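Spelled out from the first residue to the last, the chains are:
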Number of protein chains: 2
Amino acid sequence: MSKLLIVGTVAFDAIETPFGKTDKILGGAATYIGLSASQFDVDSAIVSVVGEDFPEEHLNLLTGNNINIDGLEIVKGGKTFFWSGKYHNDLNTRDTLDTQLNVLADFNPVVPAAYKDAEIVMLGNLHPLVQLSVLEQITSPKLVVLDTMNFWMDNAWDDLMKVISKVDVITINDEEARQLTGEHSLVRAARKIEKLGPKYVVIKKGEHGALLFHNDQIFFAPALPLEEVFDPTGAGDTFAGGFTGYIAKSNDISFENMKNAVIYGSTLASFCVEKFGTERMTGLNKNEINSRLKEFKDLTQFDIELTPTTAL
Amino acid sequence: MSKLLIVGTVAFDAIETPFGKTDKILGGAATYIGLSASQFDVDSAIVSVVGEDFPEEHLNLLTGNNINIDGLEIVKGGKTFFWSGKYHNDLNTRDTLDTQLNVLADFNPVVPAAYKDAEIVMLGNLHPLVQLSVLEQITSPKLVVLDTMNFWMDNAWDDLMKVISKVDVITINDEEARQLTGEHSLVRAARKIEKLGPKYVVIKKGEHGALLFHNDQIFFAPALPLEEVFDPTGAGDTFAGGFTGYIAKSNDISFENMKNAVIYGSTLASFCVEKFGTERMTGLNKNEINSRLKEFKDLTQFDIELTPTTAL
């Protein structure tokens, strides 16, 4: 098993979907990534920042799931990052209603001594300079995974290019991949992104699944068809947590093993969207996960032998 | 091997895409279905109608691909159905520029005596009354597959409901499935459609792949990620031709075998979109198809064993 170091926001979210709305609840990229990766019983740690208003029960939730929080700074008198958003009826698009950076504005990440030798590093969505600073504190990572979004393309292009050039894997959604490269075809977009640095490119298409690119190889994992998506918040981070958690657990960064990591990421994300916020992720058990993994196999695996007996 | 009976248009198309435009070229649902199914060397026949303006070379193309055209009526002095359309830049949407029904307006389909005992029937997109008339001429079909579109929902709802109630499989795109059922979730839409008659529901999502539903089972085939889609015309019909052609060839209408049929349909459709009209489909060889089938396996197959050694 490898050590997994996660940087990202730990936050309060207020979410409105067609099915209801929440008060301030636990959110943030690092929270979702950590909870998802914790399903693999890996040795993980979060580097992040919260304010004094952050309740102890949330801290206990993280440590209770075996996530090290020595690198989670608590700023005295500070207020925790807050995001509020409202999803449209199709749940594919949303409006941001409010963003309060608070303690995140001056965040200076410090990786705990015990995790400077982490083999797997997950740079969750945050300012590229924060991601770079974390990366520079890690001695000799085996695999660095970057998640980012269009906001940084619009507001911190040069810094983003710098961090992109230093990572092994990038996870990004389809529209962002197009914005980053100017290519409509995702195949071409992925090729261009590989030239920027990452040897592996994961393009997330939401309800339409996720693609993994590496040289001329492509792997695809559908999203599990669900009767109802309740709240998409955190699905991408949960995917990233499943992806890196599985790789840390299996200690294998081959393309073949990354296919499995994409499947585990998709499987865990399919739970995340079933309830508000982190609710569904905290009560998950291994039987549920294995049973959903079986649904993924049934959904995608077929039996055509490419031999002389092939029907054609 | 089973006999395959196909009804649908045989037509002229004039197509404009961002990559170029064509004069009147060979088109029509039955044409694409027939050419696609012919890859399996099945015994197939087309029931359709053309005008006296339909060139012999097109007839020879069909018979040369071992498609029986005894049921293809040639109306003396009549003109062939003509459709013209222009695709938008994303190739996902198009405008119809011209539709001339011509001989299709009074089409009275006659199934040739030798195909009244066809086991597999493919009702290509056409007026539901024409589809019903063909179905009534078949003695004891083993599997009836229906393709239709939103136009008939808007203009022939009652007739459409009648034919839907009599088929085993329906293929329909995602927006049409939503229109037919009023359900946004495709899982719920498929359940509602199953209640209308079809035991199997195929929902086509274009570049996002296709879903096969049967009771509580779901199978998904992605579209092959392509660098460039040149002309999407006929992709859905080519899918239907691959689906029914494979089933006719393998003589197996189980759900497990239908998964393979969906894969073959997607594989053949991935060729169709690479050139204008039927151009790519007529020069296809079995090596190309098998090599693309291997791409589909590489794209979708993974190796997670659900045993006590599963990573979780």
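If you check an unreviewed UniProt entry, chain A appears there as PfkB family carbohydrate kinase from Gillisia lutea.

Draft legend 1. Inspection of the overall build of chain A at higher detail. Looking only at helices and strands, chain A features 11 helices and 14 strands. Here the C-alpha radius of gyration of chain A, 19 Å, is about what a compact globule of 312 residues would show, namely 20 Å. Overall size of chain A, expressed as C-alpha extent along the three principal axes, is 70 × 40 × 40 Å. Taken over 312 residues, chain A has a buried fraction of 60%. Residue pairs in contact within chain A that sit at least 24 positions apart in sequence constitute 63% of those at least 6 positions apart. Summing over all exposed atoms, chain A offers an accessible surface of approximately 12,100 Å²; the carbon and sulfur share of this is 47%. In chain A, 27 side chains carry a positive charge and 43 a negative one; their mean positions are 4 Å apart.

Draft legend 2. Looking closely at the UniProt feature "domain: Carbohydrate kinase PfkB" (unreviewed entry) in chain A. Under the feature "domain: Carbohydrate kinase PfkB" (unreviewed entry), the UniProt entry names residues 21–279 of chain A. Regarding residues 21–279 of chain A, the helix share stands at 37% and the strand share at 25%, and the terminal C-alpha atoms are separated by 14 Å.

Draft legend 3. Region of interest: the interface of chain B and chain A. The interface of chain B with chain A comprises 46 residues on the first partner and 46 residues on the second. Put simply, chain B and chain A have six salt bridges between them. A salt bridge links Glu227(A) to Arg191(B); its shortest N-O distance comes to 2.8 Å. Applying the counting rule to chain B against chain A returns 24 residue pairs in polar contact (both at pLDDT 80 or more). Broken down by secondary-structure element, the contributors of at least two residues to the side of chain B that touches chain A are α7 (186–196), β14 (217–221), α8 (235–250), α9 (255–272) and α11 (286–300) of chain B.

Draft legend 4. Focus on the relation of the copies chain B and chain A. Aligned on chain A, chain B shows an RMSD of 0.0 Å; the corresponding rotation is 180° and the shift along the axis is 0.0 Å. One copy is carried onto the other by what is essentially a two-fold rotation axis. Take the interface residues of chain B: 100% of them recur as interface residues in chain A, which is what a same-surface contact looks like.

Draft legend 5. Spotlight on the environment of Val121(B). Residue and element names in this part refer to chain B. Along the chain, valine 121 turns up in strand β9 (residues 120–123). Residue valine 121 is classed as buried on the basis of its relative accessible area of 0%. Taking the C-alpha atoms as reference points, valine 121 and tryptophan 83, separated by 38 residues in sequence, lie 25 Å from one another. What valine 121 contacts, discounting residues up to four positions off in sequence, is Leu5, Ile138, Pro141, Leu143, Val144 and Val145.

Draft legend 6. Quick peek at the pattern of salt bridges. The final tally for this structure, using the stated rule, is 32 salt bridges over all chains. One salt bridge connects Glu16(A) with Lys21(A), and the closest N-O pair in it is separated by 3.9 Å. Classification of Lys21(A) as exposed rests on a relative accessible area of 62%. With its nearest N and O atoms 3.4 Å apart, the salt bridge here joins Glu183(A) to Lys192(A). Of the residues examined, Glu183(A) reaches a relative accessible area of 19% and is grouped as buried. Lys192(A) gets classed as partly exposed once you look at its relative accessible area, which sits at 38%. Connected through salt bridges with shared partners, the residues Arg188(A), Arg191(A), Glu227(B) and Glu228(B) form a single ionic network.

Draft legend 7. Layout of the sheet that holds strand β6 (residues 67–75) of chain A. All names here are of chain A. Ordered by their spatial adjacency, nine strands build an open sheet running β6-β5-β1-β9-β10-β11-β12-β13-β14, and the pairing between neighbours is mixed. Taken across any chain shown, the strands that pair with only one partner, and hence form the sheet edges, are β6 and β14 (217–221). Averaged over all adjacent pairs, the angle separating strand axes in this sheet is 15°, with direction ignored. Two elements, strand β1 (residues 3–7) and strand β9 (residues 120–123), share four bridges in a ladder whose sense is parallel. Each residue of the ladder has a partner; that of isoleucine 6, found in β9, is methionine 122. Set on the sheet, helix α8 (residues 235–250) makes contact with β1, β9, β10 (143–147), β11 (169–173), β12 (200–204) and β13 (210–214); between it and β9 the angle comes to about 175°.

Draft legend 8. Quick peek at the layout of surface pockets. The volume enclosed by the second largest pocket comes to roughly 450 Å³. Together, 23 residues line the second largest pocket, and Asp216(A), Gln217(A), Ile218(A), Pro225(B) and Glu295(B) are the ones closest to its centre. Contributing elements (two or more residues each) for the lining of the second largest pocket: α7 (186–196), β14 and α9 (255–272) of chain A together with α11 of chain B. Of the residues assigned to the lining of the second largest pocket, the class counts are 10 nonpolar, three polar and 10 charged.

Draft legend 9. Highlighting the nonpolar core. Judged by nonpolar contacts, the single largest core of 226 residues is most densely connected at Leu5(A), Leu123(A), Leu5(B) and Leu123(B). Those residues in contact with Leu123(B) that sit more than four places away from it in its chain are Val7(B), Gln131(B), Val134(B), Leu135(B), Val144(B), Val145(B), Leu146(B), Asp147(B), Val163(B) and Val167(B).

Draft legend 10. Inspection of the side chain of Lys205(B) at higher detail. Note that Lys205(B) resides in the loop between β12 (200–204) and β13 (210–214). Lacking a salt bridge, the buried Lys205(B) has Glu207(A) as its closest oppositely charged neighbour, with an N-O distance of 5.5 Å. Among the polar contacts listed, one links the side chain of Lys205(B) to the side chain of His208(A), at a separation of 3.2 Å.

Draft legend 11. Quick peek at the side chain of Asp231(B). Residue and element names in this part refer to chain B. Structurally, the position occupied by aspartate 231 is in the loop between β14 and α8. Buried aspartate 231, no salt bridge; nearest opposite-charge side chain is arginine 94, N-O distance 6.8 Å. There is a polar contact of 2.6 Å between the side chain of aspartate 231 and the side chain of threonine 233. Ignoring anything within four residues of it in the chain, the contact list for aspartate 231 reads Ile15, Thr17, Tyr87, Cys272, Val273, Lys275, Phe276 and Gly277.

Draft legend 12. Here's a closer look at the packing of helix α6 (residues 174–181) of chain B against α7(B). Residues and elements named next belong to chain B. Two elements in contact, α6 and α7, have axes whose closest approach is 9 Å; the angle formed by their N-to-C orientations is 60°. Here α6 is positioned oblique relative to α7, judged by the angle of their axes. Between α6 and α7 lies a crossing of left-handed hand. Residues Asp174, Ala177, Arg178, Leu180 and Thr181 of α6 pack against Leu186, Ala189, Lys192, Ile193 and Leu196 of α7. Per-class residue counts for the contact of α6 with α7 are six nonpolar, one polar and three charged.

Draft legend 13. View of helix α3 (residues 128–137) of chain B. Among the 10 residues in α3(B), seven count as buried, and that is most of the element. Those residues of α3(B) that sit buried are Pro128(B), Val130(B), Gln131(B), Leu132(B), Ser133(B), Val134(B) and Leu135(B).

Draft legend 14. Molecular detail of unusual backbone geometry. All names here are of chain A. One non-glycine residue, asparagine 66, lies in positive phi territory at about 70°. Structurally, asparagine 66 can be placed in the loop between α2 (56–64) and β6. Asparagine 66 gets classed as exposed once you look at its relative accessible area, which sits at 53%. Positive phi, close to 50°, is recorded for asparagine 102, a residue that is not glycine. In this structure, asparagine 102 sits in the loop between β8 (94–100) and β9. When its relative accessible area of 28% is taken as the criterion, asparagine 102 is described as partly exposed.

Definitions and limits used
Residues numbered from 1 in each chain as written. Chains lettered and ligands numbered in written order. Predicted model: local features only at pLDDT ≥ 70, side-chain atom pairs only at ≥ 80, totals over all residues. Heavy atoms only, no water. Helix = DSSP H or I, 4+ residues; strand = E, 2+ residues; numbered from the N terminus. Rg over C-alpha atoms; globule rule 2.2 N^0.38 Å. Buried < 20%, exposed > 50% of the residue type's maximum accessible area, 1.4 Å probe, protein only. Contact = heavy atoms within 4.5 Å. Areas by Shrake-Rupley, 256 points an atom, 1.4 Å probe, with all protein chains shown as cover. Lys, Arg positive; Asp, Glu negative; His and termini not counted. Charge placed at Lys NZ, Arg CZ, Asp CG, Glu CD. UniProt positions renumbered as here; feature names shortened; annotations may be inferred. Salt bridge = Lys/Arg side-chain N within 4 Å of Asp/Glu carboxyl O. Polar contact = N/O pair within 3.5 Å; in protein donor to acceptor, adjacent residues only side chain to side chain. Least-squares fit on C-alpha atoms with pLDDT ≥ 70 in both. Pairing = 2+ DSSP bridges. Axes fitted to C-alpha atoms, helices over the stretch in contact; angles between N-to-C directions. 1 Å grid on protein atoms, 1.4 Å probe; cavity = no way out; pocket = protein on both sides within 12 Å on 5 of 7 lines; lining within 4 Å. Points joined across faces, edges and corners; volume = space filled by probe spheres on them. Nonpolar A, V, L, I, M, F, W, Y, C, P; charged D, E, K, R; others polar. Core = buried A, V, L, I, M, F, W, Y, C linked by side-chain atoms within 4.5 Å. Parallel < 35°, antiparallel > 145°, perpendicular 65-115°, else oblique. Left-handed = near helix turned anticlockwise from the far one by under 90°.

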